[in-house]
Amino acid sequence: MGDVLDKLGPKGPMYQSRNEWEGFYENADPWGYVGRWLLERRRQEILRHIFREWGPYERALDLGSGEGIVTQWLAEHCRELVSVEISDRALRRQKEKLRTDSRLFVHADVFRVSFRPASFDLVCGSEVLSYTKDRAAVAAEWLRWLRPGKLFFLIETILPGYFTYPELMDLLKGRVEILKVEALSSKHLLAKLANRKLVPFPERVYDRAMEWTRARPDKLAKHVCVIGRKRA
């Protein structure tokens, strides 16, 4: 799969340097993906369903793949997968989760790496686009690597300092045909209480909050996956 790789450049316009990301990943699971009780488990269940529903994929690109929490679910439905991560520590842990055949692990900055045009039939950016100030240009470059008519998954946080829902939609509407917006987690008070175990909530309470959130992702979602198709 090395034929898709064009070039690697120096550090891009990130808020944190490569060394800072290495420090961030000094200990495993710094985001709390495994340690958090309910929110992350539900997010992973939803993502697994999304990847299965829209797959299979011939050649997929996972950008900002971290320790491979999302990547491992995507890999179940790919013939070939290219995974790009700036932290060498995170990438090493990721390799422990995934078999290495038909997988290309690229240690690089997602804002500076480059691939040949129309190399992939799925490009997935997982909570990484908000880390650049040049979001429109970066998104356009990512889409350049996608074949016409193929899928773009953008997983992002809807919070101050990341994206607002209108900002995210405005960024994508001119570039892809938006097929679906799936809420992955909720800002609803019941969801917050349930996930933090502040009260002994049964899981069905969180799931009820997620039902409301899926109906109004523009108002209630904390994390979303936007599924788009690149126009021919």
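Residues numbered from 1 in each chain as written. Predicted model: local features only at pLDDT ≥ 70, side-chain atom pairs only at ≥ 80, totals over all residues. Heavy atoms only, no water.

**Focus on helix α8 (residues 203–215)**
An α-helical turn contains 3.6 residues, so any two residues separated by three or four positions project in the same direction.
Phase 1: Under the 1.5 Å per step criterion, the end-to-end length of α8 is 19 Å for 13 residues, consistent within 8% with the ideal 18 Å.
Phase 2: Every buried residue of α8 is listed here: Tyr 206, Ala 209, Met 210 and Thr 213. One face of α8 carries all of its buried residues, which in axial projection span an arc of 105°. Among the exposed residues of α8, those pointing more than 90 degrees away from its buried face are Arg 204 and Ala 215. (Helix = DSSP H or I, 4+ residues; strand = E, 2+ residues; numbered from the N terminus. Expected span 1.5 Å × (residues − 1). Buried < 20%, exposed > 50% of the residue type's maximum accessible area, 1.4 Å probe, protein only. Arc of directions from axis to C-beta.)

**Considering the environment of Leu 179**
Phase 1: Positionally, Leu 179 belongs in strand β8 (residues 176–186).
Phase 2: Leave out the neighbours within four places in its chain, and Leu 179 touches Trp 54, Leu 151, Ile 227, Gly 228 and Arg 229. (Contact = heavy atoms within 4.5 Å.)

**Some thoughts on the confidence of the model for the protein**
Phase 1: With 87% of its residues at a pLDDT of 70 or more, the protein shows a mean pLDDT of 86.
Phase 2: The low-confidence segment residues 2–15 (pLDDT under 50) makes 46 contacts with residues lying over four places distant or belonging to another chain. (pLDDT = per-residue confidence, 0-100.)

**Examining the packing of aromatic side chains**
Phase 1: Under the definition given, this model contains five aromatic pairs.
Phase 2: Seen in terms of ring centroids, Phe 51 and Phe 153 are 5.9 Å apart; in terms of plane orientation they differ by 15°. Their pairing is stacked. Remark: Phe 153 occurs in strand β7 (residues 146–157) and Phe 51 occurs in helix α2 (residues 39–54); sequence separation between them is 102 residues. The pair formed by Phe 51 and Phe 153 is uniform in burial state, with each residue classed as buried.
Phase 3: On the numbers, 6.4 Å between centres and 90° between planes, the contact of Tyr 57 with Phe 153 is edge-to-face. (Phe/Tyr/Trp six-rings, centres within 6.5 Å; stacked < 30°, edge-to-face > 60°.)

**As for helix α6 (residues 165–173)**
Phase 1: Those residues of α6 not exposed but buried are Tyr 165, Leu 168, Met 169, Leu 171 and Leu 172. When α6 is viewed along its axis, its buried side chains cluster within an angular range of 160° and face the same direction. The exposed residues of α6 that point more than 90 degrees off its buried face are Pro 166, Asp 170 and Lys 173.
Phase 2: Summarising the contacts, the buried residues of α6 are in contact with α5 (135–144), β7, β8, α9 (217–220) and β9 (221–230).

**With respect to the pattern of salt bridges**
Phase 1: All chains considered together, the criterion is met by 15 salt bridges.
Phase 2: In the salt-bridge network here, residues are joined through shared partners; they are Glu 58, Arg 59, Arg 79 and Glu 80. (Salt bridge = Lys/Arg side-chain N within 4 Å of Asp/Glu carboxyl O.)

**Concerning the layout of surface pockets**
Phase 1: The computed volume of the largest pocket comes to approximately 550 Å³.
Phase 2: Forming the boundary of the largest pocket are 35 residues, of which Tyr 25, Trp 31, Tyr 33, Ser 126 and Glu 127 lie nearest the centre.
Phase 3: In terms of residue count, the dominant contributor to the lining of the largest pocket is α2 (four residues).
Phase 4: Its residues placed into classes, the lining of the largest pocket shows 15 nonpolar, 10 polar and 10 charged. (1 Å grid on protein atoms, 1.4 Å probe; cavity = no way out; pocket = protein on both sides within 12 Å on 5 of 7 lines; lining within 4 Å. Points joined across faces, edges and corners; volume = space filled by probe spheres on them. Nonpolar A, V, L, I, M, F, W, Y, C, P; charged D, E, K, R; others polar.)

**Some thoughts on the nonpolar core**
Phase 1: Counting residues in each nonpolar core, the largest one holds 67 residues, and the members touching the most others are Leu 61, Leu 74, Val 84, Trp 142, Phe 152 and Phe 153.
Phase 2: Element by element, the count of residues in this core is highest for β7, at six residues.
Phase 3: In this structure, Phe 152 is in contact with Leu 122, Val 123, Trp 142, Leu 143, Leu 146, Leu 172, Val 176, Val 226, Ile 227 and Gly 228, ignoring residues within four places of it in sequence. (Core = buried A, V, L, I, M, F, W, Y, C linked by side-chain atoms within 4.5 Å.)

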